[in-house]
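An overview of the molecular structure
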Amino acid sequence: MTVAHLVIVMPAYNEEEGIRGFIDEIREHVAPLVERVTFAVADDRSTDATVAALNRIDDVHVHPQPVNRGHGPTALAAYRAGLALEPDLLVHVDGDGQFIGPDFTRLVLAAESTGADVVHGVRRSRTDPWYRRVLTGAVGVLIASAAGRRVPDVNTPLRAYRPGALQRLIDAVPVEALVPHVHFSLAEARGGFVVRYLAVTSIPRRGASESGTMWGGGVRALVPPPRLRAFVAGALREAWTLSLRPNAPLRSIRKP
């Protein structure tokens, strides 16, 4: 089976050390499955040479954001940039390179063989700090209670979408949403989307620092960094307002 046009979208922030090699690895593994692959990178005003590292690569389109807005809004910007390229299948992954090339092959094959609206890459052997793993588990329990079923790895950044299904989600979620993938996962479960789950390998961030520069701290930190604690508080308020409360606006999303 062959995908006519596969678009890989990435939000990125200060990933100059690993992002080009990551893109090369993805391309190598998906090339046998596609007629054409294009990468759309939304750069969240990196302070390093992330944008320069991607200069003059024919199949990579870089979209610098007007201001630094954080991961959620930048992921949404990447999705919108990818949809504008009119893909037959779209894959989202963070630019920190915490996945391996063979799993992109498996993700594309799963999407094409099942005809699913979305395939989630469910991370195994995660190397994130303990508090991020605990947070993901707690959010998963919350979403399961709201959706009526368990959603493995509710906030996974590795997803393959059919454009029509993705457009329905993008149109419903505010452009400044902090946790769009949480909203997506809940809407998919409630709205009749056909979702498949694929176990994938999680590896440390590519580059000198395993934790990057977004939150501070590291994989051995004893307590969550202050920026992460503030983010979690804001994300919980957003989840309640947009997706969880009885009259939340995102409750009405349905499969196209």
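Scroll up to find the structure this text is about.
Reading the values: rules and limits
- Residues numbered from 1 in each chain as written.
- Predicted model: local features only at pLDDT ≥ 70, side-chain atom pairs only at ≥ 80, totals over all residues.
- Heavy atoms only, no water.
- Salt bridge = Lys/Arg side-chain N within 4 Å of Asp/Glu carboxyl O.
- Helix = DSSP H or I, 4+ residues; strand = E, 2+ residues; numbered from the N terminus.
- Buried < 20%, exposed > 50% of the residue type's maximum accessible area, 1.4 Å probe, protein only.
- Core = buried A, V, L, I, M, F, W, Y, C linked by side-chain atoms within 4.5 Å.

For the structure shown, the criterion picks out ten salt bridges. Among the ionic pairs, Glu176 bridges to Arg69, the shortest N-O distance being 2.8 Å. Note that Glu176 is positioned in the loop between α6 (163-172) and α7 (180-190) and Arg69 in the loop between β3 (60-64) and α3 (71-83), a separation of 107 residues in sequence. In this structure Glu176 comes out as partly exposed when scored by relative accessible area, which is 43%. In this structure, Glu112 and Arg162 form a salt bridge, with 3.0 Å as the shortest nitrogen-oxygen distance. Remark: Arg162 occurs in the loop between β6 (159-161) and α6 and Glu112 occurs in helix α4 (residues 101-114); sequence separation between them is 50 residues. A relative accessible area of 25% means that Glu112 is categorised as partly exposed.

Among the nonpolar cores identified, the biggest contains 33 residues, and Leu6, Ile26, Val93 and Phe104 are the most heavily contacted of them. Where this core is concerned, the elements lending two or more residues are β1 (3-12), α1 (19-30), β2 (34-43), β4 (89-92), α4 and β7 (195-201). Counting 26 residues, the second-largest nonpolar core is a separate cluster that includes Leu83, Leu90, Ala165 and Leu169.

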